[in-house]
Amino acid sequence: MLPVRLTGARETLLVTLYGRALDARAAHPVLGDTMAAEAVDAIDYDFGAAHVKPGVAASVVVRAKFLDNWVHEFLDAHPGEATVVHLGAGLDTRVWRIDPGPGVDWFDVDFPEVVEIRRALFPERPGYHAIGASVTDDGWLERIPTGRPTLVIAEGLSMYLTEEEGVTLLRRITDRFNGGTTIAFDAFNSLAIRAQKLNPAIRVSGATLHWSVDHPRDLIRAVPGLRLRDSIDALFAPGTEEMPRGSKIFASAFRPFPAVRHMSRYLRYER
Ligand SMILES: C[S@@+](CC[C@H](N)C(=O)[O-])C[C@H]1O[C@@H](n2cnc3c(N)ncnc32)[C@H](O)[C@@H]1O
């Protein structure tokens with residue numbers, strides 16, 4: 001077994017990994033990420049400590065599947081050479097779920113100690129690169145080639161950054177890549193940030209969430225060159241029909257309340 005000792009934002013990746021593993025072991029998986037289940041079996045960590053309930057595990061896999069579909073859409077639209085940059089990848093096996101063709105270079109970026117665990121758990125594959133860095137560091141972005149259609153995707157990352165870090169990151173991405181760039185990520189609003197202690201990943205890790213995006217169009221003003229393509233409420237996004245009944249009842253009861261409706265959104269911008 002691989003001993004894994006992470007704290008703060010880094011530890012939260014174990015909760016999302018566990019959510020995908022629980023789904024993979026279910027009778028009728030939504031995502032079916034069997035590599036996640038194998039990774040959980042290989043890691044020495046108290047996965048029970050976060051008390052991940054079925055609704056939380058379902059929200060993790062429904063989000064992953066939704067964002068996987070945006071990756072597929074991007075790669076279908078750019079069938080030749082393309083680049084995918086997956087920020088805050090944690091121990092997500094997205095590159096295997098998507099299984100991109102030979103023209104695609106795929107970069108997973110996360111803290112160096114997280115990338116070290118990835119290397120111990122997962123095999124290499126052609127076109128795949130893991131970069132150990134904070135997304136707020138200088139330098140890692142220069143390792144990504146330019147001049148090809150590029151998708152930058154992040155799942156469960158933006159809220160761990162401060163607003164200044166998030167906006168600076170978006171500006172650096174739009175400065176580096178010209179037209180043909182898509183940037184997709186999930187973002188919390190200020191109510192979700194205020195309610196963060198209800199989130200099991202936060203409770204177990206002691207991490208703090210910071211950045212709220214209440215008005216997705218504000219980022220267009222803050223980041224020159226960005227266009228908003230989609231803003232989709234996660235509570236009602238395609239795929240949420242797979243959520244447990246209790247979660248669906250919660251969602252429909254709170255549908256009239258914008259602050260709850262917009263607690264988590266999938267945002268897709270283009271450059
Ligand atoms: C909730 S986990 C999500 C992990 C993965 N995307 C998933 O869905 O399983 C948050 C991830 O963001 C990473 N993270 C947080 N702040 C970061 C930063 N400044 N630079 C790189 N990664 C960061 C953490 O290490 C962790 O892997």
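Residues numbered from 1 in each chain as written. Predicted model: local features only at pLDDT ≥ 70, side-chain atom pairs only at ≥ 80, totals over all residues. Heavy atoms only, no water.

The protein has the name Methyltransferase (TIGR00027 family) in an unreviewed UniProt entry, where Catenuloplanes nepalensis is given as its organism.

**Comments concerning the side chain of Thr 240**
Convention followed: Only DSSP runs of H or I with at least four residues qualify as helices, and only runs of E with at least two residues qualify as strands; both kinds are numbered from the N terminus onward. Under the rule applied, a polar contact is a pair of N or O atoms within 3.5 Å (in protein, one hydrogen donor and one hydrogen acceptor; residues adjacent in sequence only if both atoms are side-chain atoms). We call two residues contacting when some pair of their heavy atoms lies within 4.5 Å.
Structurally, the position occupied by Thr 240 is in the loop between β8 (227-233) and α10 (245-254). A polar contact is formed between the side chain of Thr 240 and the backbone oxygen of Ala 237, at a distance of 2.6 Å. When residues no more than four places from it in sequence are discounted, the contact partners of Thr 240 are Val 62, Ala 234, Leu 235 and Lys 248.

**Quick look at unusual backbone geometry**
Going by this rule: Each residue gets one of three labels from its accessible area relative to the maximum for its type: buried under 20%, exposed over 50%, partly exposed in between, using a 1.4 Å probe on protein chains only.
One non-glycine residue with positive phi stands out, namely His 51, at about 45°. Looking at where His 51 falls in the secondary structure, it is placed in the loop between β2 (43-44) and α3 (54-77). On the basis of relative accessible area, His 51 is assigned to the exposed category, the value being 59%. Although it is not a glycine, Asp 99 adopts a positive phi angle of roughly 50°. With respect to the helices and strands, Asp 99 occurs in the loop between α4 (94-98) and β4 (104-110).

**Topic: the pattern of salt bridges**
Note the following rule: Salt bridge, as used here, is a side-chain nitrogen of Lys or Arg placed within 4 Å of a carboxyl oxygen of Asp or Glu.
Tallied over the full model, the rule gives 24 salt bridges. Linking Arg 20 and Asp 92 is a salt bridge whose minimum nitrogen-to-oxygen distance equals 3.6 Å. Placement of the pair is Arg 20 in helix α1 (residues 8-25) and Asp 92 in the loop between β3 (82-87) and α4, with a sequence separation of 72 residues. Overall, Asp 92 belongs to the buried group, its relative accessible area being 3%. Among the ionic pairs, Asp 92 bridges to Arg 97, the shortest N-O distance being 2.7 Å. Grouping residues by exposure puts Asp 92 and Arg 97 together as buried. Bridged by salt links that share partners, the residues Arg 20, Asp 33, Arg 63, Asp 68, Asp 92, Arg 94, Arg 97, Glu 155 and Asp 186 form one connected network.

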